[in-house]
Amino acid sequence: MVSLICTLRHHTDEVTCCAFSPSLLATSSGDKTLRVYTTADFSELPFSPLRGHGYGVHCCCFSSCGSFLLSCSTDGSVIVWSAETGEVKATLEHPGRSPLRVCALAPDSSLLLAGACDGTAALWDFRSKTLRRCATVSEASVVACCFSPCAQMFVTGCTRGDLKLWDAYTSLLHAEKDAHDLGVTCCCFAAQFIVNGCCVEFRLASCGQDSQLKIWIVSQREGAACTMKLLQTLTSQTAPVLSCAFSSDGEWVVSGSVDKSVAVYDASLGTVLQTLKQHDSFSQKHRVQWCKSIFPGTAFAPSLMWHHRYVTTVALSPTFPWIATGSMDRSVNVWRIGDEDDSTAAESKETQCQGRKLPGHSGLLLTDWSEDDVQTWLRDEGLVELVSVFKANNIDGPELSQLNKETAAELGIESVGLRGRLLRRIEALKAEQNGSEAPDEFLCPITRELMKDPVIAADGYSYERESIESWIRGKNKTSPMTNLPLQTTLLTPNRSLKMAITRWKSNQELRVAQHLITKAD
């Protein structure tokens, strides 16, 4: 069910964290660096490694869109990197310069949270990069934190063993004392949730030094206190559990342990689906060879290298069947979920898109084209004389798709023949890309357009965030679908739907790419 596909051995100190974006894998280490890989073939990107921290990096995470990579360090800073170029976009410092152990970004990228060794949590407005508050949330070091899917709550965990639930203004909503004996090590929310009238239920996973992985139900009811109820205690690992993560669909929860194993559980039943032991199977010969290649001329005790194979971090890709696990042995294992045939087919599709430059444009859906994509398409279609006109009027993909005889005339395209040729080319392009209409559930009920940021409202329906927020701001406190009063204005990101839309768009783009390659041949 889960098989090892590659091992990355580029760090020179323990791997502290792994994180996926839709297309990248990032790893952080005590060697003060981050390394970034493409999930196409897990090769390291040209700008990697990223250097900017003065001490070891404890944690890293991506923004939901994948545009930004964040990291925090013993040096007391959070660095915001461009995931496309590796450029430092911002450096945020803890007010007391306390070492930072963990950081998290809200699902909607509105807030950035970092937990510190002095028991404080610093909360920044991510868009403006301004500090909102730095509050004491524990008497011990804060080593775990995560945001709820709705981005309106966050959880902190400390070395004393407590889990605490806070609102976005750092007001305490609930405290679970001694959630893990000897200390919490990690926590994470599942993307899925249940809306029942005015009550929203989330699933939270936490793990700790007590060798346990726990699943909690966090309930938020409008006008009432938040509650946490223990749902399951999972005990298949025999030593402290250092990291945990849900799969994007919420069906699995994965954990890494000091016993050198990775446990894969059915998140609903709590049953062990598979135990991965490859972090424990690196031969002594390979260990010595690898260590000598990193530190030539240094003698190593094999027994020491053997015991330092604790699994320190686990991460699951939001879009592909990948699991990444990091270890104190400085390695990162990448695993494939599912059958070999399924993955091979997916890789074959990826190769088809990447192996050859597509003629005419980038291969994206028309509505995602930039102005440059439009201008490239015009040149490839023999409409070079229109490039300057389109450039002057800032015509991008969405505007190109809406172009008709009247708007073409308004652009100053006076030649009837040229205008007709342009419109025919546009219709042919739309026909190529619209081989299948988007499923109805991918369309916002308000605008009937493909959703980019779907959220679930209190009526249980999904809407484009901007549309439903505008609806509510317009004093419409009723459901657009049922016309019944909305019990709450709480909006929760629908990550599963967003990923389904992303996959559908990718399939559409692949079909267009294959069609264009066939045409070119």
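Being a predicted model, the structure only gives us computed values, none of them experimental.

Enquirer: Please give an account of the overall build of the protein chain that cites residues and values.
Expert: From N to C terminus, the protein chain includes 10 helices and 31 strands. For the protein chain, with 521 residues in total, the buried portion stands at 53%. For the protein chain, the share of sequence-separated contacts (at least 6 apart) that also reach a separation of at least 24 residues comes to 47%. Carbon and sulfur atoms make up 49% of the accessible area of the protein chain, which totals about 23000 Å².

Enquirer: Explain the confidence of the model for the protein chain residue by residue, including any values.
Expert: The predicted model of the protein chain has a mean per-residue pLDDT of 84, with 84% of residues at 70 or higher. Segment residues 281–287 is flagged for pLDDT under 50; beyond a separation of four residues in sequence, or across chains, it makes 10 contacts in the model. Across residues 290–296, confidence stays below pLDDT 50; counting only partners more than four residues off in sequence or on other chains, it has 13 contacts.

Enquirer: Explain the sheet that holds strand E27 (residues 322–327) to me, using residue names and the numbers behind them.
Expert: With antiparallel pairing, 4 strands are arranged side by side in an open sheet as E1-E28-E27-E26. Only two strands of the sheet have a single neighbouring strand rather than two, namely strand E1 (2–8) and strand E26 (311–316). Within this sheet the neighbouring strands show an average axis-to-axis angle of 25°, counted without direction. In the sheet, E27 pairs with strand E28 (residues 332–337) via 5 bridges, with the strands oriented antiparallel. Looking at the pairing, glycine 326 lines up with valine 332 of E28.

Enquirer: An account of the UniProt feature "repeat: WD" (unreviewed entry) in the protein chain is requested, with residue identities and associated values reported.
Expert: Within the UniProt annotation, "repeat: WD" (unreviewed entry) is assigned to residues 8–37, 50–91, 104–134, 234–275 and 304–345. A distance of 10 Å separates the end C-alpha atoms of residues 8–37, which is 0% helix and 60% strand. The span residues 104–134 is 0% helix and 61% strand, and its two end C-alpha atoms sit 15 Å from each other.

Enquirer: Kindly report on the nonpolar core, identifying the contributing residues and their values.
Expert: Ranked by internal contacts, the top residues of the largest apolar core, which has 47 residues, are Leu69, Leu70, Val78, Leu112 and Phe147. Look past the residues within four positions of leucine 112 in its chain and what remains in contact with it is Leu70, Val78, Leu92, Ala104, Leu105, Ala122, Leu123, Trp124 and Phe126. If you look at the next biggest cluster of nonpolar residues, it comprises 21 residues, including Cys150, Met153, Leu163 and Ala179.

Enquirer: Describe the pairing of E28, with residues and values.
Expert: Within E28, 5 of the 6 residues are buried, leaving the element largely enclosed by the surrounding structure. Bridge analysis of E1 against E28 gives 6 bridges, and the strand direction is antiparallel. Bridging across to E28, valine 2 finds its partner in isoleucine 337. Adjacent in sequence and paired antiparallel, E27 and E28 are bridged by 4 residues, among which arginine 330 carries a positive phi angle near 80°.

About the cut-offs
Residues numbered from 1 in each chain as written. Predicted model: local features only at pLDDT ≥ 70, side-chain atom pairs only at ≥ 80, totals over all residues. Heavy atoms only, no water. Helix = DSSP H or I, 4+ residues; strand = E, 2+ residues; numbered from the N terminus. Buried < 20%, exposed > 50% of the residue type's maximum accessible area, 1.4 Å probe, protein only. Contact = heavy atoms within 4.5 Å. Areas by Shrake-Rupley, 256 points an atom, 1.4 Å probe, with all protein chains shown as cover. pLDDT = per-residue confidence, 0-100. Pairing = 2+ DSSP bridges. Axes fitted to C-alpha atoms, helices over the stretch in contact; angles between N-to-C directions. UniProt positions renumbered as here; feature names shortened; annotations may be inferred. Core = buried A, V, L, I, M, F, W, Y, C linked by side-chain atoms within 4.5 Å.

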